[in-house]
Amino acid sequence: MATSIQIRVPATSANCGAGFDTLGLACTMYNHFTYEIINKGFYLDIIGEGAEKLKANRYNLAILSFLKLWNIHSNKKIGLKVKMNNVIPLSRGLGSSSSAIVAGLTAANYLTGNKFSKYELLNLATEIEGHPDNVAPAIFGGITVSYMNNSKADTLRFLPAKPFTLLAVIPDLTLPTKIARQVLPSKVEYTDAIFNISRSSLFTAALLTGDFSHISAALEDRLHQPYRLHLIPGAKKAIIAAKKNGAYNAVISGAGSTLMAYIPADCATERIAQAMQEALLLEKTTSSIVVLELDTKGAQVLSTS
């Protein structure tokens, strides 16, 4: 029986504009994890993001998620050595916490005989995360439409009819999900709900049919972005700049602070990136950029021993 495993998990971008807490996609930025079962204790070795913040204990998401599944199959007390090579930035709306949750569940599942399906892993991940919009694409890859059915999470995964490019503009400021949710209203107008239903439906239909002329409108939102934009100085101007310079549109990725521009596959990204960064700088917000594609595989086991 294997006692060590290496896992790769993609970054994710939730909401995709109007699909609040339902739509998500996986993209080609990855965290790598190595799990080794030992007799006792928890050890954590981190390279990259979170190296100075994350601690080795059973409350760490990468460890907690592993033990959650492991304890379903075994009463044997174990320890863990976990190594992380983290590229996904923390608290930036790119699914860093989801990557740790999915890594732990995937590793424990493999090391206990792969008894859980991906859909069962989705439910365990949702129990930990609280909602499935990030963990679903991290598990399945591609684009996911997730929902809750009788307290159970489910998802439909699909790939677009043709490719597009993603440009992540990552401000040098963190935005914890808890803070981003606090600014949301407890009630919304009926017309705003209808607006978002039409846009999220249009988004999936445009991607599946390949009629990308509707993508710009499909990425519009009234449920969360209008209330969150002020938390990211310069974000509104950066989104306008993205559209003016060739992007279909740009949105807040997850709860932020990252802005994700959706760009035609044959369009150069440099001008869009420069325009968005300059718009942010007008409000003294510095940022970095990463050009991404859609990840189609989700979490993967790379090796075991």
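Residues numbered from 1 in each chain as written. Predicted model: local features only at pLDDT ≥ 70, side-chain atom pairs only at ≥ 80, totals over all residues. Heavy atoms only, no water.

Focus: the packing of aromatic side chains
For the structure on display, the rule yields 7 aromatic pairs. Judged by centre distance (5.3 Å) and plane angle (15°), the ring pair of Tyr35 and Phe66 falls under stacked. On the criterion of sequence distance, the pair formed by Tyr35 in strand β2 (residues 23-38) and Phe66 in helix α1 (residues 61-73) is long-range, its members being 31 residues apart. Ring geometry for Tyr119 against Phe140: centres 4.9 Å apart, planes inclined by 55°, an arrangement best described as tilted. In this pair, Tyr119 sits in helix α3 (residues 118-129) while Phe140 sits in helix α4 (residues 135-140), placing the two residues 21 residues apart along the sequence. What makes Tyr119 partly exposed here is its relative accessible area of 40%. Within the aromatic cluster, the residues linked to one another by ring pairs are Phe164, Phe203, Phe212, Tyr248 and Tyr262. Sitting above the plane of the Tyr30 ring, Arg8 keeps its charged end 3.9 Å from the centroid. One cation-aromatic arrangement involves Arg199 over Phe195; the distance from NZ or CZ to the ring centre is 3.8 Å. (Phe/Tyr/Trp six-rings, centres within 6.5 Å; stacked < 30°, edge-to-face > 60°. Helix = DSSP H or I, 4+ residues; strand = E, 2+ residues; numbered from the N terminus. Buried < 20%, exposed > 50% of the residue type's maximum accessible area, 1.4 Å probe, protein only. Lys NZ or Arg CZ within 6 Å of the ring centre and 35° of its normal.)

Describing the side chain of Ser99
Within the secondary structure layout, Ser99 lies in helix α2 (residues 96-111). Ser99 sits in the buried class, given a relative accessible area of 0%. At a separation of 2.6 Å, a polar atom in the side chain of Ser99 contacts the main-chain carbonyl oxygen of Ser96. Setting aside residues up to four positions removed in sequence, Ser99 forms contacts with Val9, Asn31, Phe33 and Ile88. (Polar contact = N/O pair within 3.5 Å; in protein donor to acceptor, adjacent residues only side chain to side chain. Contact = heavy atoms within 4.5 Å.)

The quantities given are spatial measurements derived from coordinates; they are silent on function.
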